[in-house]
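So you can see what is in the structure, the chains are spelled out below.
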Amino acid sequence: MCIARCGKALGILLIPLALVSMLANTLLLFPNLQSRYLREGHITKYATLGTGLWASGLLVLPAARVFITSSHKKGRCGFRSEMLCSILYAVIAMAGATLCFVTSGTALVEGPLCKYNETYSNGTQEQVWGTPLEHKTPSPSSWEEVCLEPQGVVLWNVVLFSTLLASSGTQALLCIIQVLNAILGFLCGPDIKHNKNSIL
């Protein structure tokens, strides 16, 4: 059936996206692959929230499994119950992916937590930890000048949070497609045989 094939394809696509999200969030906790910044609490709060690990990762994987194995039950009742279950899992996964998307976008706007030179009104400077790039768009040539430590943390955060943004956004879209696909399966039953009756 087209609905079952569509759900299976969506589930297969969700698995690598969830793994990418989990890897990206894990790397965000270890700038320059060093653990001391995490131990010292010098990691941005958006990385420590771990939305890539649990919201866009662990919440999405069970949904992917349900999409892949849905429509195994025979008969209209069994098929429709699986479609309802698929909708529930899709909504949960979509909520997780959306949370990760919003968190990643906010993290990109705020910028990384890093050590930088704070200039006070009396002209003195002091090295402090904070988010000096919040709501700013510095040119790449000035990134190293602004954030002194960890080295290259701005590029590290931009690449990894952008990866989370892309993967979680794609996950949310795939979950929406599965909700529509499962609704069609619930309404029409297991006897849809033509592509024109499927969402995809």
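About the thresholds
Residues numbered from 1 in each chain as written. Predicted model: local features only at pLDDT ≥ 70, side-chain atom pairs only at ≥ 80, totals over all residues. Heavy atoms only, no water. Pairing = 2+ DSSP bridges. Helix = DSSP H or I, 4+ residues; strand = E, 2+ residues; numbered from the N terminus. Disulfide = S-S within 2.5 Å. Buried < 20%, exposed > 50% of the residue type's maximum accessible area, 1.4 Å probe, protein only. pLDDT = per-residue confidence, 0-100. Contact = heavy atoms within 4.5 Å. Axes fitted to C-alpha atoms, helices over the stretch in contact; angles between N-to-C directions. Parallel < 35°, antiparallel > 145°, perpendicular 65-115°, else oblique. Left-handed = near helix turned anticlockwise from the far one by under 90°. Nonpolar A, V, L, I, M, F, W, Y, C, P; charged D, E, K, R; others polar.

Attention now goes to the pairing of strand E1 (residues 114–119). Note: E1 against strand E2 (residues 125–130), 6 bridges, orientation antiparallel. In the sheet register, Asn117 faces E2, and the bridge partner there is Gln127.

Here the structure, examined in full by the defined rule, presents 1 disulfide. Residue Cys114 pairs covalently with Cys147 via a disulfide, S to S 2.1 Å. Between Cys114 and Cys147, the S-S dihedral sits near -60 degrees, and the bridge is therefore left-handed. Of this pair, Cys114 sits in strand E1 while Cys147 is found in the loop between helix H7 (140–146) and helix H8 (153–188), placing the two residues 33 residues apart along the sequence. Like Cys114, the residue Cys147 is buried in the burial classification.

A few words on the confidence of the model for the protein chain. Chain-level statistics for the protein chain give a pLDDT mean of 88 and a share of 86% at 70 or above. The spread of mean pLDDT over the elements of the protein chain runs between H7, the lowest at 68, and helix H4 (residues 54–58), the highest at 97. Contacts from residues 194–200, a stretch scored under 50 in pLDDT, to residues over four places away or in other chains number 18 contacts.

Another point: the packing of helix H5 (residues 60–69) against helix H6 (residues 76–110). One can describe the packing of H5 onto H6 by two numbers: an axis separation of 9 Å at closest approach and a directional angle of 155 degrees. As judged from the angle between their axes, H5 and H6 are roughly antiparallel. Crossing of H5 over H6 shows left-handed handedness. Contacts from Val60, Pro62, Ala63, Val66, Phe67 and Thr69 in H5 reach Glu82, Ser86, Tyr89, Ala90 and Ala93 in H6. Among the residues forming the contact of H5 with H6, the class breakdown is 8 nonpolar, 2 polar and 1 charged.

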